[in-house]
Amino acid sequence: MQATSPGGNLPLVRRLEAVGFRAWPAATVIYDGSWQIRLSGGHPSKRLNCVVPLDPSDHRDLALRLEKARKRFHSYGRPLTLRETPLAPPQLIDHLSQQGWSRFETVKVLTANLAQLELPETLDRLPSHDIGRFIDVSLSLAGEDPGLKPALAEVLTAIKPPTGLFMIENAEGAPLAVALCVQDNDLAGVLGFSVSAGQRRQGLGTEILSSALRWARISGARTAWLQVVTDNEPALALYRKFGFQDAYEYHYWREA
């Protein structure tokens, strides 16, 4: 799969958006035309709680549709958030700007050709089947509230494509690194990648990412994809070292 400029080409964007939705499924998905309204009462992830326009030509009744979405979000106790991909209508983005909305995060979507990837010779970690332990490790490394465990369990158990749960712990069981790999036919997404702050630059990221990508390739995937916030320079440097290239960017918007 050929990577493109940050603007992306629309067929590629549509395909990666579709597999991304399946890899990180929201509890409730409602469509307003081609706008996908994603909401999850238990988990605060922005990807699980946002409006995602999926057709550049669908820009009718902008103010009315945003107000309807706002009411849905407020019923969940969530602030209205919109995710702008290259599929978002330019008229909608102009409307947000005129109404005082602001961008507050930019994320790069990267892809790599698994068939051509030369993975480093590292210890090959096998995926775990212990979802509970995987969630504990993930929450600990992310510094998130352990009370989110039931909500994260709901997300993980709702993933329908095959998944690989990868963890590295020390001899005392302290979490060091974690990654989730979701293999969706010929595409494999790496999500939830994290390395303990005190253990970075020691090869753990390379080791766990290599294990996830090796598992994906053996499972039949030909292209890997992942998402990274643009200011996460250490992660970007690691992904570039593996051969990941820009596919497109998306941005989150919120009301003032």
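Up top is the structure.
Predicted, not measured: the structure shown is a model, and the values here were computed from it.

Engineer: Please give an account of the overall build of the protein that cites residues and values.
Structural biologist: On a plain count of helices and strands, the protein comes out with seven helices and 10 strands. Relative to a compact globule of 256 residues, whose C-alpha radius of gyration would be 18 Å, the protein shows 18 Å and is just as compact. In terms of its C-alpha atoms, the protein occupies a principal-axis envelope of roughly 55 × 40 × 30 Å. Looking at the 256 residues of the protein, the share that counts as buried comes to 51%. Contacts in the protein between residues far apart in sequence, at least 24 positions, make up 71% of those at least 6 positions apart. Accessible area for the protein stands at about 11,800 Å²; split by element, carbon and sulfur atoms hold 49% of it. Considering the protein, the positive charge centre built from 28 side chains and the negative charge centre built from 27 side chains are found 3 Å apart.

Engineer: How would you explain empty space enclosed by the protein if you had to name every residue and give the values?
Structural biologist: Per the counting criterion, the structure on display carries one cavity of 30 Å³ or more. Computed from the structure, the largest cavity encloses a volume of approximately 80 Å³. What lines the largest cavity is simply L16, E17, G20, F21, W24, R38, R47, R83, L191, W225 and Q227. Residue assignment for the lining of the largest cavity shows that the elements contributing at least two residues are α1 (10-23) and β9 (223-229). Here the lining of the largest cavity gets four residues from one element, more than from any other, and that element is α1. Of the residues contributing to the lining of the largest cavity, the split by class is five nonpolar, two polar and four charged.

Engineer: Lay out the pairing of β9 with the relevant residues and their values.
Structural biologist: With six of seven residues buried, β9 is to be regarded as a mostly interior element. Looking at chain direction, strand β5 (residues 102-113) and β9 are connected through seven bridges and run antiparallel. From the neighbouring strand, T111 faces β9, where its bridge partner is W225. Here strand β8 (residues 187-195) pairs with β9 via four bridges, running parallel.

Engineer: Can you lay out the layout of surface pockets for me, pointing to particular residues and giving the numbers?
Structural biologist: Space left empty within the atom packing is revealed by a probe, the size of a water molecule, rolled over the atoms. Roughly 1,500 Å³ of internal volume is contained in the largest pocket. Around the largest pocket, the lining is made up of 47 residues, and of these G192, F193, S194, N232 and Y239 lie nearest the centre.

Rules of the game
Residues numbered from 1 in each chain as written. Predicted model: local features only at pLDDT ≥ 70, side-chain atom pairs only at ≥ 80, totals over all residues. Heavy atoms only, no water. Helix = DSSP H or I, 4+ residues; strand = E, 2+ residues; numbered from the N terminus. Rg over C-alpha atoms; globule rule 2.2 N^0.38 Å. Buried < 20%, exposed > 50% of the residue type's maximum accessible area, 1.4 Å probe, protein only. Contact = heavy atoms within 4.5 Å. Areas by Shrake-Rupley, 256 points an atom, 1.4 Å probe, with all protein chains shown as cover. Lys, Arg positive; Asp, Glu negative; His and termini not counted. Charge placed at Lys NZ, Arg CZ, Asp CG, Glu CD. 1 Å grid on protein atoms, 1.4 Å probe; cavity = no way out; pocket = protein on both sides within 12 Å on 5 of 7 lines; lining within 4 Å. Points joined across faces, edges and corners; volume = space filled by probe spheres on them. Nonpolar A, V, L, I, M, F, W, Y, C, P; charged D, E, K, R; others polar. Pairing = 2+ DSSP bridges.

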